[in-house]
Amino acid sequence: MEKTAQLYEGKAKKVFATADERLCIVSYKDSATAFNGEKKGTIYGKGVINNRLTNRLMRLLEENGIPTHFIEELNDRETVVRKAAIVPLEVIIRNISAGSFAKRFGVEEGVVFESPTFEFSYKSDALGDPLMNDYHALALGLATEPELETIRAYAFRINDILKAFLLEHGITLVDFKLEFGRLPDGTIILADEISPDTCRFWDVRTHEKLDKDRFRRDLGGVEAAYEEVLRRLLGDEK
Ligand code: ADP
Ligand code: UDP
């Protein structure tokens, strides 16, 4: 499978067309951004790590009945995926308070919720990804009611599957962002990535941050944290 035209270059990945119009190739970059692109930098080796981690977690989800875009890892940085029309919603699940939740509601980080929370942000860099509810998404025609229900049900199941798997590897899943897409026949699938760029991972014992917060907050040890997650989750694979 070969890349043809570049379709899109985002902040963390490039997307290429292939000879098969149902498929595309995503290529993971080392560039990192935070605060809606205001902070820019490089996390060396991140593209390779996020590619491999995402694919491992997408395979786990497929095995557990979640339809995903994953087809085949081509090489260190590139993966063949099903091409989807992305629903422009960032779907966020939280198990523990952190980040914008802690700030918005004036609580400290680390409050463990009795049940996970669910929220959408409108995927729009120009608007700074504003928080939105179902009614807003419906009013703007971003998705239908049944699609929102499907997305919500998948998101909670994905949380259960990922939480359990990560815990087995000494990682607490604090919160994460998902993106879903539509196939030409209307099927909703999980797309984009699942990585330390898009999740908050804490060491289960020490609560040390093993994710992009190390970059966002200039905590140092950014590359080492990404490598540690890779080691814990794929250490026994090649
Ligand atoms: P951003 O667009 O936020 O800067 P990236 O740099 O990660 O993000 O770019 C990857 C882009 O590819 C995103 O816009 C994402 O929505 C899109 N994408 C992810 N998976 C698929 C897919 N299976 N089909 C089509 N587009 C996808
Ligand atoms: N997130 C993401 N992309 C975004 C915004 C958030 O992947 O554009 C992830 C983020 O890594 C975290 C979760 O979604 O795991 C919740 O992020 P939050 O709303 O707390 O925002 P942040 O503190 O990242 O601004």
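Structural data are supplied above this passage.
Owing to the predicted nature of the structure, the values given are computational and were not obtained by experimental measurement. (Residues numbered from 1 in each chain as written. Chains lettered and ligands numbered in written order. Predicted model: local features only at pLDDT ≥ 70, side-chain atom pairs only at ≥ 80, totals over all residues. Heavy atoms only, no water.)

**Q** Run through the side chain of T33, naming residues and quoting values.
**A** Residue position: T33 is located in strand β4 (residues 31-34). Of the residues examined, T33 reaches a relative accessible area of 14% and is grouped as buried. Aside from chain neighbours lying at most four places away, what touches T33 is K11, K39, K40, K212 and F215. (Helix = DSSP H or I, 4+ residues; strand = E, 2+ residues; numbered from the N terminus. Buried < 20%, exposed > 50% of the residue type's maximum accessible area, 1.4 Å probe, protein only. Contact = heavy atoms within 4.5 Å.)

**Q** Can you explain the layout of surface pockets? Please cite residues and give values.
**A** There is about 240 Å³ of room inside the second largest pocket. Together, 16 residues line the second largest pocket, and N95, I96, K163, T172 and L173 are the ones closest to its centre. Elements represented by at least two residues in the lining of the second largest pocket include exactly β9 (89-96), β10 (112-122), α4 (145-168) and β12 (171-182). At five residues, the largest contribution of residues to the lining of the second largest pocket is made by β10. (1 Å grid on protein atoms, 1.4 Å probe; cavity = no way out; pocket = protein on both sides within 12 Å on 5 of 7 lines; lining within 4 Å. Points joined across faces, edges and corners; volume = space filled by probe spheres on them.)

**Q** Please provide a residue-by-residue account of the pattern of salt bridges, values included.
**A** All chains considered together, the criterion is met by 26 salt bridges. Between K3 and E78 there is a salt bridge whose closest N-O contact spans 2.5 Å. A residue pair is termed long-range when its members are at least 10 positions apart, and K3 in the segment before β1 (6-9) and E78 in strand β7 (residues 78-82) qualify at 75 residues. Looking at E78, the relative accessible area reads 11%, which means it is buried. Note that R94 is salt-bridged to D175, the shortest N-O span being 3.5 Å. One end of the pair, R94, is in strand β9; the other, D175, is in strand β12, with 81 residues separating them in the sequence. An identical accessibility class is assigned to R94 and D175; each is buried. (Salt bridge = Lys/Arg side-chain N within 4 Å of Asp/Glu carboxyl O.)

**Q** So, the site of ligand 2: which residues are in play, and what are the values?
**A** Of all residues adjacent to ligand 2, which total 15 residues, the nearest are R94, S100, D175, R200 and R216. One nitrogen or oxygen atom from the side chain of D175 is found 2.6 Å from an oxygen atom belonging to ligand 2. The contact in question runs from an oxygen atom of ligand 2 to an N or O atom on the backbone of D197, over 3.5 Å. For ligand 2, whose unbound accessible area comes to 500 Å², protein coverage reaches 78%. Secondary structure elements with two or more residues in the shell around ligand 2: β9, α2 (99-105), β12 and β14 (199-203). (Near = heavy atom within 4 Å. Polar contact = N/O pair within 3.5 Å; in protein donor to acceptor, adjacent residues only side chain to side chain. Areas by Shrake-Rupley, 256 points an atom, 1.4 Å probe, with all protein chains shown as cover.)

**Q** An account of the site of ligand 1 is needed here, citing residue identities and associated values.
**A** Not every one of the 16 residues close to ligand 1 is listed here, only the nearest: Y8, K11, A12, K13 and E179. Side-chain polar atom of H69 to a nitrogen atom of ligand 1: 2.8 Å apart, as the coordinates give it. The separation between a nitrogen atom of ligand 1 and a polar main-chain atom of R82 is 2.8 Å. For the shell around ligand 1, the per-class residue count stands at seven nonpolar, two polar and seven charged. (Nonpolar A, V, L, I, M, F, W, Y, C, P; charged D, E, K, R; others polar.)

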